[in-house]
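Listed below are the residues making up each chain.
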Amino acid sequence: ACTGIENIDEAITLLEQNNWDLVAAINGVIPQENGILQSEYGGDTLHGPAYGPTSHSTAASSTPSSSSAFRHVVPSRQIVERQPRMLDFRVEYRDRNVDVVLEDSSTVGDIKHILENELQIPASKMLLKGWKTGDVDDSTVLKTLHLPKNNSLYVLTPDLPPPSSSHSGALQESLNQNFMLIVTHREVQREYNLNFSGSSTIQEVKRNVYDLTSIPVRHQLWEGWPPSATDDSMTLAVSGLTFPCHRLTVGRRSSPVQTREQSEEQCTDVHMVSDSDGDDFEDATEFGVDDGEMFGVASSALRKSPMMPENAENEGDALLQFTAEFSSRYGDCHPVYFIGSLEAAFQEAFYGKARDRKLLAIYLHHDESVLTNVFCSQMLCAESIVSYLSQNFITWAWDMTKEANRARFLTMCTRHFGSVVAQTIRTQKTDQFPLFLIIMGKRSSNEVLNVIQGNTTVDELMMRLMAAMEIFSAQQQEDIKDEDEREARENVKREQDEAYRISLEADRAKREAQEREMAEQFRLEQIRKEQEEEREAIRLSLEQSLPPEPKEESTESVSKLRIRTPSGEFFERRFLASSKLQVVFDFVASKGYPWEEYKLLGTFPRRDVTQLDPNKSLLEVKLYPQETLFLEAKE
């Protein structure tokens, strides 16, 4: 509608040159249309594009004589001046890169003159390569090449000798260099610009071409490999390829049983698709769909391994297969997928400490979407995206290709996010996949911050991830503050509980000590009572065993003893002089002074009576006719 281009091949070529950026492709073409449009308000000729900051255009239905599907309608006598368009060039020469910025009205020779000053190489010795169009010479005006804003070129100087270096140093340098292989797919007349390091092997190139063309390596028929490239395990650095750019052609090896009619039918199918309406055309190969399917050619290169088994009982095992298959298709530089159930991913992302929490990114894959291959290889596997996801997200994946797996995820989605989110995903069409869901955990629920569809760019994907991260960071700071306050309160409570516990233990220890002391006192009191009772029993027994006290008028010899106690009291008793000394001891013991604890001492002469033989009589120990004794406790 904007450019008047009806040829599909031309439109596809322009889109490829602008990395499938529709706005950039249109901006690159509109200035080329010489700016001459016919007004329907009087036939005035207008110069410049039919749209811009000050223009007003509408689309009207075309007439049979029109050359475009749409005609621009512009108010009469309105002139829109064309602004110069700036183009950026990154020019590579050996180990140097030169940035050149020019208006699109400049020529290729102007670029060479700038490079002549920068590289100190005569312009006549330069071959400026990397143009995506046909023949280019020094007089070619840049705007006629339909270039995007950013371009990459390289300089060849075949007439100048290369810088001298040792063979090993040159080989190492070649291994570190990047080779651009311009591979033409013969059957569909498509070109692919592929960058490989010098350390890559020919086999790796063929496998990558298989991902683009769906032609298995064993069926690939190549043209353009150097004669020295005889082994697929050979690295590009030693294969003899032209540096930094080399052209190759690949086609499908024809089957011997294929008939002439089948070949003609295939050619007819290709022609029919090429002449089809541009609104219904999709560049299938670019998006990972087999060219043979799009153009009616039977393909034998369908992928054998699904991303995820159907009706997998264990989500962890399904994710293991998903990760392995993803790596085999798109390389090892990809997000680290969480291996486990969706509930386990929630636990890992949302239910740790506030400082350790992360956003949850759910990648929903679909093999039947034309966007899947580009999204995975160019966006999801971009180093900046992989690094940002690994630092800030827990990434979980699921394959929606199989209906059983799709139904299972929708059930999980309803349980965790609610029916609204599940219905939103359910209504997504196949060509809107893959989807990237950004989930943030909250106190009572899980919130879906963003649903990113597959038709995006790396910059837009990064911006949306960063926007979600800003929302999450603000919420995380609040959660950290609340958690710190809660921990502070819990610490105070723990300290109070610990002090209370220590106080209880001290009180309990004090109480137990008092109880032990009381128990000990009771025990000692019991022992004392038992000892007193025992003494009293002994005293009574001794008192009862004493012979009767003789009377004063007795005719037998009587000894009168006066005994003084430690307290100063005296007690007297008469004993027969023939009585044994043990009787005196028993008498003293019956008064509460056992001879095991007390000594019985005489006065004149001072002696310890308890040391005498208790079986001797009082007369024999000279305690007759009378004697005063006193009691003294033994040490």
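A brief report on the enclosed structure follows. The structure displayed is predicted, hence computed values, not measured ones.

## What about the overall build of the protein chain?
For step 1, the next point in the chain: Looking only at helices and strands, one finds 15 helices and 21 strands in the protein chain.
For step 2, the next point in the chain: Counting over 635 residues, the protein chain shows a buried share of 39%.
For step 3, the next point in the chain: Pairs at least 24 apart in sequence give 64% of the contacts found in the protein chain among residues at least 6 apart.
For step 4, the next point in the chain: Put simply, the protein chain shows about 36700 Å² of open surface, and 50% of that area lies on carbon and sulfur atoms.

## Quick notes on helix α2 (residues 22–29)
For step 1, the next point in the chain: Listed in full, the buried residues belonging to α2 are Ala-25, Gly-28 and Val-29. What you see down the axis of α2 is that its buried residues fit within an arc of 95 degrees, all on one side.
For step 2, the next point in the chain: Its buried side turned inward, α2 meets α1 (8–17).

## Observations regarding empty space enclosed by the protein
For step 1, the next point in the chain: Taken as a whole and assessed by the stated rule, the structure comprises two cavities of 30 Å³ or more.
For step 2, the next point in the chain: When its volume is computed, the second largest cavity comes out at roughly 40 Å³.
For step 3, the next point in the chain: Surrounding the second largest cavity, Phe-585, Val-588, Tyr-593, Trp-595, Tyr-598, Leu-600, Thr-610 and Leu-631 form its lining.
For step 4, the next point in the chain: Looking at the lining of the second largest cavity, the elements that each hand over two or more residues are α15 (581–590) and β19 (598–602).
For step 5, the next point in the chain: Tallied by class, residues from the lining of the second largest cavity come to seven nonpolar, one polar and no charged.

## Regarding unusual backbone geometry
For step 1, the next point in the chain: Along the chain, Phe-433 connects to Pro-434 via a cis peptide bond; the corresponding omega equals -5 degrees.
For step 2, the next point in the chain: For the bond from Tyr-624 to Pro-625, the omega torsion is 0 degrees, close enough to zero to count as cis.
For step 3, the next point in the chain: Structurally, Pro-625 is set in the loop between β20 (607–608) and β21 (626–633).
For step 4, the next point in the chain: Of note, the phi angle at His-146 is positive, near 55 degrees, even though the residue is not glycine.
For step 5, the next point in the chain: Secondary-structure assignment places His-146 in the loop between β7 (127–129) and β8 (150–156).

## Comments concerning the environment of Leu-389
For step 1, the next point in the chain: With respect to the helices, strands and loops of the structure, Leu-389 is situated in helix α11 (residues 383–392).
For step 2, the next point in the chain: Classification of Leu-389 by relative accessible area gives buried; the value is 1%.
For step 3, the next point in the chain: Sequence separation of Leu-389 and Val-336 is 53 residues, and the distance between their C-alpha atoms is 8.3 Å.
For step 4, the next point in the chain: Apart from the residues lying within four places of it in its own chain, the contact partners of Leu-389 are Pro-335, Ala-361, Leu-380, Thr-395, Phe-436 and Leu-465.

## A word on the pattern of salt bridges
Where charged atoms from two side chains of opposite charge come close, those side chains can pair.
For step 1, the next point in the chain: Going through the model one piece at a time under the given rule, you end up with 30 salt bridges.
For step 2, the next point in the chain: Arg-357 serves as the salt-bridge partner of Asp-479, at 3.6 Å between the closest nitrogen and oxygen. Pair noted here: Asp-479 is in helix α14 (residues 458–545) and Arg-357 is in the loop between α9 (342–350) and β13 (359–365), with a separation of 122 residues, a long-range link.
For step 3, the next point in the chain: Residue Asp-479 is classed as buried on the basis of its relative accessible area, which comes to 14%.
For step 4, the next point in the chain: The closest approach of N and O atoms between Glu-498 and Arg-501, which form a salt bridge, is 2.3 Å. Taken together, the residues span about one helical turn, with Glu-498 and Arg-501 both in helix α14 at a distance of three residues.
For step 5, the next point in the chain: For Arg-501, a relative accessible area of 35% gives the class partly exposed.
For step 6, the next point in the chain: Sharing partners across several salt bridges, the network here consists of Glu-325, Arg-329 and Asp-367.

## So, the pairing of strand β17 (residues 558–564)
For step 1, the next point in the chain: Here β17 shows a clear split, with Ser-559, Leu-561 and Ile-563 buried on one side and none of Val-558, Lys-560, Arg-562 and Arg-564 buried on the other.
For step 2, the next point in the chain: Both β17 and strand β18 (residues 570–576) contribute to a ladder of seven bridges, which runs antiparallel. For Leu-561, the partnering residue across the bridge sits in β18 and is Arg-573.
For step 3, the next point in the chain: Between β17 and β18, which pair antiparallel in sequence order, lie five residues; one of them, Gly-568, sits at a positive phi of approximately 100 degrees.
For step 4, the next point in the chain: In terms of strand pairing, β17 meets β21 through five bridges, oriented parallel. Looking at β21, one finds that Arg-562 is bridged to Thr-628.

## Regarding the side chain of Asn-18
For step 1, the next point in the chain: Looking at where Asn-18 falls in the secondary structure, it is placed in the loop between α1 and α2.
For step 2, the next point in the chain: Beyond its immediate chain neighbours, meaning those up to four positions away, Asn-18 contacts Ala-24, Ala-25, Leu-147 and Pro-148.

## A few points about the sheet that holds β13
For step 1, the next point in the chain: The strand order across the open sheet formed by four strands is β14-β13-β15-β16, and the pairing between neighbours is mixed. The open sheet has two edge strands, β14 (393–399) and β16 (446–452), and neither has a second partner. The sheet shows a mean angle of 25 degrees between the axes of neighbouring strands, taken without regard to direction.
For step 2, the next point in the chain: Bridge count for β13 against strand β15 (residues 435–441) is five bridges, and the pairing is antiparallel. By the bridge assignment for β15, Leu-364 is matched with Leu-435.
For step 3, the next point in the chain: Relative to β14, α11 is tilted by about 110 degrees, and along the sheet it contacts β13, β14 and β15.
For step 4, the next point in the chain: On the sheet, α14 packs against β13, β14, β15 and β16 and is oriented at approximately 10 degrees with respect to β15.

Cut-offs applied
Residues numbered from 1 in each chain as written. Predicted model: local features only at pLDDT ≥ 70, side-chain atom pairs only at ≥ 80, totals over all residues. Heavy atoms only, no water. Helix = DSSP H or I, 4+ residues; strand = E, 2+ residues; numbered from the N terminus. Buried < 20%, exposed > 50% of the residue type's maximum accessible area, 1.4 Å probe, protein only. Contact = heavy atoms within 4.5 Å. Areas by Shrake-Rupley, 256 points an atom, 1.4 Å probe, with all protein chains shown as cover. Arc of directions from axis to C-beta. 1 Å grid on protein atoms, 1.4 Å probe; cavity = no way out; pocket = protein on both sides within 12 Å on 5 of 7 lines; lining within 4 Å. Points joined across faces, edges and corners; volume = space filled by probe spheres on them. Nonpolar A, V, L, I, M, F, W, Y, C, P; charged D, E, K, R; others polar. Salt bridge = Lys/Arg side-chain N within 4 Å of Asp/Glu carboxyl O. Pairing = 2+ DSSP bridges. Axes fitted to C-alpha atoms, helices over the stretch in contact; angles between N-to-C directions.

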